[in-house]
Amino acid sequence: MFNSTSLRFIFGKRALARLTPLVAAAFMGLAGRATAQEPVLNLYSARHYQTDEALYTNFTKATGIKINRVDADDAGILARLKAEGAASPADVILLVDAARLGKADMDGLFRPIKSPALEAAIPAQFRAKSGPEGTTWFGFSTRARVVVYDKLRVKKADVDTYEELADPKNKGLLCTRSGSHPYNLSLFGAVTEHLGEAKTETWLKGLVANMARTPKGGDTDQIKGVASGECGVALSNTYYLARILRSDAPEDKAIAGKIGVVFPNQQSWGTHVNVAGAAVAKSAKNVSNAVKFLEYLASPSAQNYFADGNNEWPIVTSVKVNNPALQAMTGGSFKSENIPVSAVANNQTKVQQMLDRVGYK
Ligand code: FE
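Residues numbered from 1 in each chain as written. Predicted model: local features only at pLDDT ≥ 70, side-chain atom pairs only at ≥ 80, totals over all residues. Heavy atoms only, no water.

Q: I tried to follow the packing of helix H8 (residues 182-195) against helix H17 (residues 348-358) on my own but got confused; where do I start?
A: The geometry of a pair of packed helices is captured by two quantities: the angle between their axes and the separation between those axes. Closest axis-to-axis distance for the H8/H17 pair is 9 Å, and the angle between their directions is 100°. Judged by the angle between their axes, H8 and H17 are roughly perpendicular. Residues Leu185, Phe188, Gly189 and Thr192 of H8 form the contact with H17, whose participating residues are Gln348, Val351, Gln352, Met354 and Leu355. Class assignment of the residues belonging to the contact of H8 with H17 gives a composition of 5 nonpolar, 4 polar and no charged. (Axes fitted to C-alpha atoms, helices over the stretch in contact; angles between N-to-C directions. Helix = DSSP H or I, 4+ residues; strand = E, 2+ residues; numbered from the N terminus. Parallel < 35°, antiparallel > 145°, perpendicular 65-115°, else oblique. Contact = heavy atoms within 4.5 Å. Nonpolar A, V, L, I, M, F, W, Y, C, P; charged D, E, K, R; others polar.)

What follows is the structure in structure tokens.
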């Protein structure tokens, strides 16, 4: 193919100079593409945190690979990928929650990759199951799904397991977001792994019977519902709690003063833990840059930015966080479940059917 030297040879240096700048640029662009992979990476991200800017700048500084970013929420990214099909320019996709990563994987939106560095850095529990072609997605931070309760009305001992949330003693107290939200699909998928399908369905029926109100809003709305007295107990991801606990706003300080937080199931299978993660897009044009980016995300400095930007824990176990809100919440450490998040994600269809049967909105 042509490179700039051969173009000069064909057209002559003066002739090339006489071409309109646009045409010349087109030829040079063509030449560039033919000689080497362009140092760019097209990133579709469902994360939008201040600290992510540093994350991307450091990658470009270290590798010379420029990042073009498309920011949208998870549903927006998945819809866009499906609409673009094979023509999609996406190289890397960042999504939050294993249920969403698992769904995108089932829909064939990811390209399996082989990276010994990633396999070594990311615990097998927190990535897709590897096949002969490689691994489709990797978690890069963890969050826990915990219980929030009204310190005045509810005893901690009555809500320190997921199972007890369905106990008649908690009737009229429970608030959750929609059962079909990925965070709940994942939690219920995890419970299905731990208890089996029949017991999980009975448990879900018990949750519905204990509702203080029809499921609505996000996790922060459930926390506010507990603080306002409308709810006695609720479920939330840890980073929403950390945001409130780190806030200086008087209304957040008031909320923090009213609620208690429990990491459930410390005496049994542990608290449910989920991931935010990334994958190489099925139709990626810059595959090696994409793999480099994922490997970069597992590096200690990137792990700090990635996790701390959303008050999460780094997935690489050797990387330690210094997040005061997370530290205060856990008192140092907690027992987390040890089932693969990919199995949790794969239960979501089954879970949705159970939700429909028990009338969990
Ligand atoms: Fe969230």
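After that view, the rundown keeps rolling.
Q: Would you mind going over the nonpolar core with me for this structure?
A: Inside soluble globular proteins, nonpolar side chains tend to come together where they are buried. In this structure, Leu95, Phe110, Trp137, Phe140, Phe293, Leu294 and Leu297 are the most contacted members of the largest nonpolar core, which totals 76 residues. Broken down by element, this core gets its largest block of residues, 7 residues, from helix H13 (residues 287-297). In terms of nonpolar packing, the next biggest core, distinct from the first, is built from 27 residues, Ala99, Val147, Leu185 and Leu207 among them. (Core = buried A, V, L, I, M, F, W, Y, C linked by side-chain atoms within 4.5 Å. Buried < 20%, exposed > 50% of the residue type's maximum accessible area, 1.4 Å probe, protein only.)

Q: Looking at this model, I keep getting lost on the coordination of the iron ion. Mind explaining?
A: Tetrahedral coordination by four donors places them ideally at 109.5 degrees to one another around the metal; octahedral coordination by six donors ideally gives 90 or 180 degrees. Distances from the iron ion to its protein donors, namely Tyr183 (OH), Tyr239 (OH) and Tyr240 (OH), fall within the range 2.0 Å. Taken in sequence order, the residues that donate to the iron ion follow the motif Y-x55-Y-Y. In this pair, Tyr183 is assigned in helix H8 and Tyr240 in helix H11 (residues 238-246), connecting sequence segments 57 residues apart. The same class applies to Tyr183 as to Tyr240, namely buried. (Donors = N, O, S within 2.8 Å, 3.2 Å for Na, K, Ca; no water.)

Q: What is the right way to read the environment of Pro112 from this model?
A: Relative to the elements of secondary structure, Pro112 occurs in the loop between helix H6 (98-106) and helix H7 (116-121). Assessed through its relative accessible area of 28%, Pro112 is described here as partly exposed. In contact with Pro112, other than residues within four places in its own chain, are Glu133, Gly134, Thr135 and Thr136.

Q: Could you clarify how one ought to interpret the side chain of Thr192 in this entry?
A: With respect to the secondary-structure elements, Thr192 resides in helix H8. Contact partners of Thr192, with chain neighbours within four places excluded, come to Glu197, Thr200, Asn347, Val351 and Met354.

Q: I would appreciate a short explanation of the pattern of salt bridges in the present structure.
A: One side chain can pair with another of opposite charge once the charged atoms of both are near each other. Counted under the stated rule, the structure contains 16 salt bridges. Salt-bridge contacts for Arg47 lead to Asp52; the nearest nitrogen and oxygen are separated by 2.8 Å. The exposure classification of Arg47 matches that of Asp52, with both residues buried. For Arg69, the salt bridge is made with Glu53, and the minimal N-O distance between the two is 3.0 Å. With Arg69 in strand S2 (residues 66-71) and Glu53 in helix H4 (residues 50-63), the pair connects residues that are 16 residues apart, well separated along the chain. (Salt bridge = Lys/Arg side-chain N within 4 Å of Asp/Glu carboxyl O.)

Q: What's the story with the packing of H4 against helix H14 (residues 300-308) in this structure? I'm lost.
A: Across the interface, H4 lies against H14 with an axial gap of 8 Å and an inter-helix angle of 155°. One finds that H4 runs roughly antiparallel with respect to H14. The handedness of the crossing between H4 and H14 comes out as left-handed. Residue-level inspection shows Thr51, Ala54, Leu55 and Asn58 of H4 in contact with H14, the latter providing Ala302, Tyr305 and Phe306. (Left-handed = near helix turned anticlockwise from the far one by under 90°.)

Q: When you look at the pairing of strand S3 (residues 92-96) in this model, what are you seeing that I'm missing?
A: In summary, the side chains of a regular strand alternate between the two faces of the sheet. Counting buried positions along S3 yields 5 of 5 residues, so the element is predominantly enclosed. On S3, burial covers both faces: Val92, Leu94 and Val96 on one face and Ile93 and Leu95 on the other are all buried. With 3 bridges connecting them, strand S1 (residues 40-45) and S3 associate as parallel partners. If you follow Ser45 over to S3, its bridge partner there is Leu94. Taken together, the 5 bridges between S3 and strand S8 (residues 273-280) define a ladder with antiparallel strand orientation. Following the sheet pairing, Leu94 is matched in S8 by Ala278. (Pairing = 2+ DSSP bridges.)

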